[in-house]
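Observations on chain architecture
This is what each chain is made of:
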Amino acid sequence: KDKTIIHKIHGDGGDGHEVIPFIKPVKAVGNIEDWLTTILNTMRLTLKYHARSCAAGVFEARSDPSNKLRPLVDSNIAQFALLAIQIMWTYETQTALEQCKTNANAMYS
């Protein structure tokens, strides 16, 4: 195994341990400034990819009549599961507020 190739981000906080695989591996060779910049950019791309995937999962969960949240939460790491719930809450709240213009009981449903 080549120890100069970085494949994932390890998160170790609290009781949990999460691993986020990079969308592409990073080779840690040459000037440290260069490969640290590459790691930073790869982390950004990886997190952006997971955020987009999470948002797509919210759309799929919203289009499902049974509105199953558990598979969406279980398929994502904690921070992105929380993001999915926040996106869902924002969407539902915005929809209810828009409906308040025509339906006085919209916030109760």
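The residue numbers shown here count from 1 along each chain, following its written sequence. Where totals are concerned, whole chains, interfaces and linings use all residues; where local detail is concerned, this predicted model gives features only for residues with pLDDT of at least 70, and gives and counts side-chain atom pairs only at 80 or more. As a convention, hydrogens and water are excluded, and side-chain values are obtained from all of the structure's heavy atoms.

A word on the nonpolar core
- The biggest cluster of nonpolar side chains holds 7 residues, and these are Cys54, Val58, Ala61, Leu72, Phe80, Ala84 and Met88.
- By definition in these notes, contact holds between two residues if any of their heavy atoms fall within 4.5 Å. Residues in contact with Cys54, not counting those within four places in the same chain, are Leu72, Asn76, Phe80, Leu83 and Ala84.
- What makes a nonpolar core is a set of buried Ala, Val, Leu, Ile, Met, Phe, Trp, Tyr and Cys residues whose side-chain atoms join them at distances within 4.5 Å. Here the term buried applies to any residue with accessible area under 20% of the maximum for its type, exposed to any over 50%, and partly exposed to those in between, with areas from a 1.4 Å probe on protein chains only. Membership of the second largest hydrophobic core comes to 5 residues, among which are Phe22, Ala28, Trp35 and Ile39.

Here's the deal with helix H1 (residues 32-63)
- The end-to-end C-alpha separation of H1 is 46 Å, in line with the 46 Å expected for 32 residues at 1.5 Å each.
- A run of H or I in DSSP counts as a helix once it spans at least four residues, and a run of E counts as a strand once it spans at least two, with each numbered from the N terminus. Turning to H1, its buried residues number three or more, namely Trp35, Ile39, Thr42, Thr46, Cys54, Gly57, Val58 and Ala61. Expected helix span is taken as 1.5 Å per residue step, with the number of steps being one fewer than the number of residues.

Considering the packing of H1 against helix H3 (residues 78-99)
- Only the stretch in contact is used when fitting a helix axis, every axis being a line fitted to C-alpha atoms; angles between N-to-C directions are given from 0 to 180 degrees. At a minimum axis separation of 9 Å, H1 and H3 run at an interaxial angle of 45°. In this view, H1 runs oblique relative to H3, as classed from their interaxial angle. The crossing of H1 and H3 is right-handed. On H3, the residues that touch Leu47, His50, Ala51, Cys54, Ala55, Val58, Ala61 and Arg62 of H1 are Phe80, Leu83, Ala84, Ile87, Met88, Tyr91 and Glu92.
- Here the contact of H1 with H3 is composed, by residue class, of 12 nonpolar, 1 polar and 2 charged. Just so you know how the angles are binned, under 35 degrees is roughly parallel, over 145 roughly antiparallel, 65 to 115 roughly perpendicular, and the rest oblique. Handedness of a helix crossing follows the sense of rotation of the near helix relative to the far helix, less than a right angle counterclockwise being left-handed and clockwise being right-handed. Three classes are used, and their members are as follows: Ala, Val, Leu, Ile, Met, Phe, Trp, Tyr, Cys and Pro are nonpolar, Asp, Glu, Lys and Arg are charged, and the others, Gly among them, are polar.

Regarding the side chain of Thr42
- Assignment of secondary structure puts Thr42 in helix H1.
- You can call Thr42 buried: its relative accessible area is 2%.
- Throughout this description, a polar contact denotes any pair of N or O atoms lying within 3.5 Å of each other; where both atoms belong to protein, one of them has to be capable of donating a hydrogen while the other can accept it, and for residues adjacent in sequence the pair is counted only when both atoms sit in side chains. A polar contact is formed between the side chain of Thr42 and the backbone oxygen of Thr38, at a distance of 2.8 Å.
- Leave out the neighbours within four places in its chain, and Thr42 touches Phe22, Lys24 and Val26.

These results come straight from atomic positions and should not be treated as a statement about function.
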